[in-house]
Structure formats: structure tokens, C-alpha cells
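# Inside the fold
Take a look at the letters that make up each chain.
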Amino acid sequence: MGSNKTIVWFRRDLRIEDNPALAAAARDGSVFPVYIWCPQDEGQFYPGRVSRWWLKQSLAHLDHSLRSLGAELVLIRTQSTLAALLECIEAIGATKVVFNHLYDPISLVCDHNIKGKLVELGISVQSYNADLLNEPWEVYDARGQAFTTFEAYWDKSLNMQWEHVTLLPPWKLVPATGNVAKCSIEELGLENETEKSSNALLARAWSPGWSNADKALSEFSELHLLQYSKNRTKVGQNSTSLLSPYLHFGELSVRKVFQLARMKQILWAKEGNSIGVESVTLFLRAIGLREYSRYLCFNFPFTHERPLLSNLNFFPWQADQNNFKAWRQGRTGYPLVDAGMRELWATGWIHNRIRVIVSSFAVKVLLLPWKWGMKYFWDTLLDADLESDILGWQYISGSLPDGHELERLDSPEVQGSKFDPEGEYVRHWLPELARLPTEWIHHPWDAPDNVLKVSGVELGFNYPKPFIEIDLAREHLIKAIFKMWEMEAAAKAANSNGTDEVVDNSDGIESLPIPKVILKNNAPCPTYSSNDQKVPTFQNSKSNQFNRKRSKHMQEERPLQDNLHNPNEGGTSRTNEDCSSTAESSMSKKQTTSRNSFSVPQSCSSSKDNSFLECESSDMKQSWQEQIDMEQSSSKDGKQRIN
Ligand SMILES: Cc1cc2nc3c(=O)[nH]c(=O)nc-3n(C[C@H](O)[C@H](O)[C@H](O)COP(=O)(O)OP(=O)(O)OC[C@H]3O[C@@H](n4cnc5c(N)ncnc54)[C@H](O)[C@@H]3O)c2cc1C
């Protein structure tokens, strides 16, 4: 053991097992584990009530474990994380600070700045990967550019040579001591008095903390993983792993999850258990989506502010606070949507399927800005995770090359009969509909008066009439898309004329303020090893363009739109989008010629002969959409397609 005194700066890596920063510090000498709570740093993304409740429990749990190894977790509440770190360094005479990487846009900037300052002051800083299978700067395509579709990204990730071993917890910790202004867990202020009674209920359903995460993982892998492929679409039941809050706070090592599941898969393959093999493949893809969410945030660090695809900048959002409120309160008149929103409010958790349904409703039916929904989820979810939240909302709102098309609008009534066929989920969360027969449970507006009467349902009184009829909503959506295209075309024309008259819509909407992340002028971060944290640089390149796939439904509308854009090119794809890759660190290593451009897999590139639809039918056969929303949706003509 060395003679260093090292500060282990805990953030969202609240575990002792497979924690590279903690392990390195323990090897090196004495340790000073610290958690710094700086509400100012959180800004717009200050965690919501349930998320803070989880954090509080998890910190207490970690402190207990660290004490049993020999060192307590020092808790500090501060107005400046840097000042608190400097105080600790001074107090114990530390020579080194270690921490594990975070990849959300806010942390990327904060960490970069703090690290720069510490290094300037001559303090040794080392950072590690504790959150991912692969660092986002390790996975690039053959040209050294960032992937922009999940399939290609995950395929590459799975085929990379990993040398990961999960690290055991330190045998014992030698504490470094010093006098700092530490506080108790209560004084951190993660939970106020009024929140305590609501939070008490959470403890009945969830047990935060790394050892509980371990139990949850074992239980899932022993009892539920085998049936994951069959059960994962069932809403209202514990059909999935429920690991997301543990993974968010780093209470569980994703490497450990991956290894465990992969070993099961190998054993099941040997036994010829194809259901088990398929279940693990799908579960690992879910883990892959989490990886991808970090990958996108790192390579496109603006994605919490504006969509990855620039088309949505011109979308005529209806920033209507009343509609937003009705959605939040579960008063839209669509039972499945309302049940989901009530469950979210009451428990802080909803199934992925329900997340897709309620978020699509907000964007496609209410035409609410996707950023509002993203922020509301952030405020209310127990597993609120900026990267996964961004990925989810961009996925459903037509902002990703391989996500839902913007024009796709699934009927909540149809989805209700698919995912809650007996109506049990709706009855549980909407007691006012509890006596309605299954036949009408997902569309009470069609029920005969006498049925409503005996069920005690008075539409417009104890349960709302539907906000808007779904076919009308579809018409509105299509009109809005046409308007968006018009605006986009006008903007392009204005640009090519050298005028600057058309501005995008993103500033026009009454938007919840979301912090601006300015990364343009960041100097390279001084690092100490090749494993060190890389920092993305945000540059707006318009060099690469690509096509979005089109649904059959919208292709039927195409001639009109094509005329709008280019009267001479009736059959070509409409949306050429521009995005920029900002993975400068990797780019600079690889020294490619187009270092900041958005990379598009060859088979999906924007040529007439090689459309995105072709890409979907081959490369995208088992699309990641399947993983996100896991449904078979019927298109208008009744044909089934997987989306
Ligand atoms: C609009 C929207 C917002 C979302 N916001 C969040 C969020 O704030 N935090 C969050 O953790 N997940 C979010 N998700 C993703 C997903 O819904 C949850 O991760 C999942 O429901 C968690 O349940 P589970 O742990 O039982 O998942 P499982 O199906 O058991 O999957 C295992 C793990 O894989 C990861 N995972 C699974 N699906 C996804 C996905 N689509 N995207 C990213 N990671 C995934 C999660 O870490 C999850 O714990 C969002 C999805 C949508 C559509």
C-alpha cells in the first residue's frame, strides 16, 4: 500500500464493489471518501423529490458500508463544489483526488472545469470508468466518427474486445483524517419536512443502496430473466428488472450486470434453451440503450436543449400550460394515458411501454414541446436520468434517425387493448372507471349511456371526455408537420438568398428554461492516463446530411410535400438533416479529415438508391425501437410492422 492521501469524490457511483476510483485510492494509501451536495450546480436539473429521497437512502447505506471497512463517508453541503474539494485537500493534506466519470451534459462541463482548476493548483487528479461497458470515446465507426443509430453502435460495442474485470470491494480502508465542515445526512437537505410523509410510502416499494441492488439483480437473474422476452411488455406488473434507479446512482456495476446475464446466456445456449438465450439478448440490448444514451450525450452534448435532428426546430409547438397541466394530472380522457400519469405521480415509476405512450401523447396529440415532457419526467421519476430521459423523449418525438417517425401517432385506445387487455392497469390507477366493463375500459366515450350509468361514470364530471378525437389529432399533427416543412424550406431559401428573415421556432415557444451548455471555448483537459475523462467539444457542423425513414402513411402524402420542397424531385426523400458529432477527443486521436461531422452508416446514407427504409429492412430488422417500445404497431392499412 502506498503513502498517498487520496480524496475519493463520490457522485453517482454509490457502491464499494467494482468502484475503480475507490479501489485505486485504497491501493495507494489512506482515503477520504466525500460526497458533496451543491444545489447551485444542479441548476435547472435539480433532482425531484423521489430522486432526492433515493439519494438520501443510498448515501446512508454507503456510509454504513464504508464505516464497516474503516472510513466514514464525509458529507458536505456547499455553494461551490470546487471550494469544498479544496477545503478537504487542505484539511487532510491530500495529494490526489479521484472520481468516476459522468456523461450528462451538465456534469461533463462541471467536471472538466473542476479538474482543470485542481490540476492548475498542482493537485493530482485521476478519473475512471465506473458507469459503462465502453467509454463513449472508444466506440467509433471505421472512419472514426460517432455512430448515430443504435444498431450500428451496439453491434460494434458487442464486438469490441473487453478486458474488464469487476473489482472486489477493498478489504479495508485506512482513513485520512482532517477537520472539514461536514454535515449529517439530514443537514444535507435532500428531503424537507413536508416531503417526508409522501416519501414514507416509497420505502414500502423500494430499498435503495448497493447491497439491495445486488439482491435485486440476483432475484431478477434467478427468477425473471428467463422469461424477460415474454413478459417485458406487460404493464402493471414487475415484468422487467426494475434496476434503473440502482443503475442511475451507480449502486450496481453495469459490468457485473452484463457478466451475470452473459454467463446465463452461455449456459442456456448450452442447454438449448432458446427462450433464455433470446431473453438475455433483449435484456442486454436494454443495457445497450443505457450505454447509447451516454454515448449520444457525450458526442452530441447539446441534446438536452435541442433535438439531434434539426427539423424539430421549426415545429409549431403548442406551448399551452393548461394542456400540459391536464397531461400531468392524468385528465386527458384517454384512460391508459391518464392511468400512466397517475402512476408516475403516485409512485415515481412507470413501465417503459407506458413511458412511450404518455410521452408520445404529449408530443403528438397535445403538441407540447418535448423539452417540457423531458423536464417533467426528470422531476418525477425515481430513476430520473438525464441521458436516458433525453434519449427517450428524442426517440418518440422524431428527433433520432432510428426513432419513431414524427408523423407516427398510435391510438391510446388500440394500445390499451394491446398492453392492458383486461383493463386491470387502468382500473387500478383510475378508480372512477373501476366498474366499467372491459369492453369499454379503453374508450369509455363509446360506451352506451346505460353502461356508463351503472358503472358510475359521468363523462365530463367524474372522468373527462377525451381531450381530442384521435383522427382529428392526427390531422392536426400532419398540418403541424407541413407547417414545419414550410418553415424549414423558407429558412433554407432565406439562407441561400443571404437574408436572415426566417428564424426557427425553438426560441419562440414559451419554454421551461433549460441551462445552456457552452462548450465551444473549452481548452483540452489535462489528463494523467489514457483512461482519463474525455471532454466533448460542441461545434456546429452542417457538413453531413442524411435521410429519415418515412412511414407508408406519410409517403402517401409525399407528392404535395415534395412539390413544396423541390417540385422537380417527386420521389426523393424529404428530410436532409444536419447534426454535428462533437467527439473531438476521439477524432483528434484518429485524425480524420471530417472530424466534426455526423457519421451515417454507409447503408443509411442519403442517396436516392439507398434509402433509410432499405436500411430499416436489413440493418434495422431488430431495431432498437423494438427495445424501447416493444410493440407491434398496426399501420393505417392494417399491415403489421415492428417499430
Ligand atoms: C420518454 C422516456 C423517458 C425515459 N426516461 C428514463 C429515465 O429518466 N431514466 C431511466 O433510467 N430510463 C428512462 N427511460 C428508459 C426506460 O423506460 C427505463 O430505463 C426502464 O423502463 C427501466 O425499467 P427496468 O429497470 O425494469 O428496465 P429493464 O427492461 O429491465 O432494462 C434494464 C436496464 O436497461 C436500461 N434501459 C432499458 N430500456 C432503456 C431505454 N429505453 N433507454 C435507456 N436505458 C434503458 C435501464 O438502465 C434498465 O434498468 C425512458 C424511456 C422513455 C421512452
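What you see as residue numbers is a count from 1 along each chain, following the sequence as written. Owing to the predicted nature of the model, reporting of local features is limited to residues with pLDDT of at least 70; listing and counting of side-chain atom pairs is limited to 80 or more, with chain, interface and lining totals taken over all residues. The side-chain figures draw on all heavy atoms in the structure; neither hydrogens nor water molecules are used.

### Remarks on the packing of helix α13 (residues 274–299) against helix α18 (residues 386–396)
As a rule, the C-alpha atoms of each element are fitted with a line to give its axis, helices using only the stretch in contact, and angles between N-to-C directions run from 0 to 180 degrees. Only DSSP runs of H or I reaching four residues or more are called helices, and only runs of E reaching two or more are called strands; each is numbered from the N terminus. Where α13 meets α18, the axes come as close as 8 Å, and the angle between the chain directions of the two elements is 90 degrees. The pairing of α13 with α18 is recorded here as roughly perpendicular in orientation. Across the interface between the two elements, Leu289, Tyr292, Ser293, Arg294, Leu296 and Cys297 from α13 touch Glu387, Ser388, Ile390 and Leu391 from α18. Here the contact of α13 with α18 is built from residues that sort into six nonpolar, two polar and two charged. Geometric relationships in this document are graded by angle, where less than 35 degrees denotes roughly parallel, more than 145 denotes roughly antiparallel, 65 to 115 denotes roughly perpendicular, and other angles denote oblique. Between two residues, a contact is recorded if the distance between any of their heavy atoms is within 4.5 Å. Here the term charged refers only to Asp, Glu, Lys and Arg, the term nonpolar to Ala, Val, Leu, Ile, Met, Phe, Trp, Tyr, Cys and Pro, and the term polar to all other amino acids, Gly among them.

### Observations concerning the UniProt feature "binding site: FAD" (unreviewed entry) in the chain
UniProt positions are given in the numbering used here, feature names are shortened, and annotations may be inferred rather than shown by experiment. The positions that UniProt labels "binding site: FAD" (unreviewed entry) are, in the present scheme, Tyr228, Thr240, Ser241, Leu242, Leu243, Ser244, Phe283, Asp383, Ala384 and Asp385. When only the residues just named are considered, the largest cavity is lined by Tyr228, Thr240, Ser241, Leu242, Leu243, Ser244, Phe283, Asp383, Ala384 and Asp385. By the element assignment, Leu242 lies in the loop between α10 (228–231) and α11 (244–248). Here Leu242 is in contact with Trp206 and Trp349, once residues within four sequence places are set aside. Mapped onto the secondary structure, Phe283 falls in helix α13. Filtering out sequence-adjacent residues up to four positions away, Phe283 remains in contact with Phe220, Leu225, Tyr228, Ser241, Leu243, Val257 and Ala261. Points on a 1 Å grid over protein atoms alone make up a cavity when a 1.4 Å probe fits among them but cannot get out, and a pocket when they form an open set with protein on both sides within 12 Å along at least five of seven lines; lining residues each have an atom within 4 Å of a point.

### Observations concerning the layout of surface pockets
If you add up the space inside the largest pocket, you get close to 1,100 Å³. If you list the elements that add at least two residues to the lining of the largest pocket, you get α3 (49–69), α8 (202–205), α9 (210–224), α15 (335–347) and α20 (424–429). Per-element tally for the lining of the largest pocket: the top contributor is α9, with six residues. How far each domain reaches was decided by an automatic or database domain assignment. When residues of the lining of the largest pocket are sorted by domain, at least three fall in each of domain 2 (131–165 + 197–299) and domain 3 (321–473). Grid points are joined across faces, edges and corners, and a volume is the space filled by probe spheres set on the points.

### Structural notes on the pairing of strand β4 (residues 96–100)
Of all five residues that make up β4, five are buried, and the element is covered over most of its length. Exposure classes here rest on a 1.4 Å probe applied to the protein chains alone. A residue is buried below 20% of its type maximum, exposed above 50%, and partly exposed in between. Both faces of β4 are covered, namely the face carrying Lys96, Val98 and Asn100 and the face carrying Val97 and Phe99. A pair of strands is considered paired only if DSSP assigns at least 2 bridges between the two. Strand direction decides the pairing type here: strand β1 (residues 4–10) and β4, joined by four bridges, are parallel. Within β4, the position partnered with Trp9 by the bridge is Phe99. Judged from the five bridges that link them, β4 and strand β5 (residues 124–128) form a sheet pairing that is parallel. Following the sheet pairing, Val98 is matched in β5 by Gln126. Where the polypeptide runs from β4 across helix α5 (residues 105–120) and back to β5, its parallel neighbour, the crossover connection is right-handed. For crossovers, right-handed means that the path from the first strand over the helix to the second runs clockwise, given strands pointing away from the viewer.

### Considerations on the confidence of the model for the chain
Every residue carries a pLDDT, the predictor's confidence in it, which falls somewhere between 0 and 100. With 77% of its residues at a pLDDT of 70 or more, the chain shows a mean pLDDT of 80. Confidence over residues 507–531 falls short of pLDDT 50; this stretch has 59 contacts with residues more than four positions distant or in other chains.

### Concerning the site of the ligand
Any residue with at least one heavy atom within 4 Å of a molecule or strand is counted as near it. The full set close to the ligand counts 28 residues, and Tyr228, Thr240, Ser241, Leu242 and Asn352 are the nearest of them. One of the backbone nitrogen or oxygen atoms of Ala286 is found 3.2 Å away from an oxygen atom of the ligand. Between the ligand and Arg290, the relevant distance is 3.4 Å, taken from a nitrogen atom to a main-chain nitrogen or oxygen of the residue. For this analysis, a molecule is said to be in a pocket or cavity if more than half of its atoms are within 2 Å of the grid points defining it. For the ligand, the cavity whose grid points lie within 2 Å of the majority of its atoms is the largest cavity. Mapped by element, the contributors of at least two residues to the shell around the ligand are α11, α13, α16 (352–365) and α18. Residue composition of the shell around the ligand, grouped by class: 16 nonpolar, seven polar and five charged. Here the shell around the ligand gathers at least three residues from each of two domains, domain 2 (131–165 + 197–299) and domain 3 (321–473). Under the rule applied, a polar contact is a pair of N or O atoms within 3.5 Å (in protein, one hydrogen donor and one hydrogen acceptor; residues adjacent in sequence only if both atoms are side-chain atoms).

### Digging into the nonpolar core
When a protein is soluble and globular, its nonpolar side chains tend to lie buried together. For this analysis, a nonpolar core means a set of buried residues of the types Ala, Val, Leu, Ile, Met, Phe, Trp, Tyr and Cys, connected via side-chain atoms within 4.5 Å. In terms of nonpolar packing, the biggest core is built from 147 residues, with Tyr35, Phe283, Phe315 and Trp327 touching the most fellow members. Top element by residues in this core is α13. It accounts for eleven residues. Apart from residues no more than four positions distant in its own chain, Trp327 is found in contact with Thr332, Val337, Met341, Val358, Phe361, Ala362, Leu366, Gly373, Tyr376, Phe377 and Trp393. With 22 residues, the next largest nonpolar core counts Ile76, Ile89, Leu118 and Val125 among its residues.

### So, empty space enclosed by the protein
Counted under the stated rule, the structure contains eight cavities of 30 Å³ or more. Of the pockets and cavities examined, the largest cavity occupies roughly 830 Å³. Ser244, Asn352, Arg355, Asp383 and Ser388 are, among the 37 residues lining the largest cavity, the residues nearest its centre. Mapped onto the lining of the largest cavity, the elements with two or more residues apiece are α11, α13, α16, α18 and α26 (624–629).

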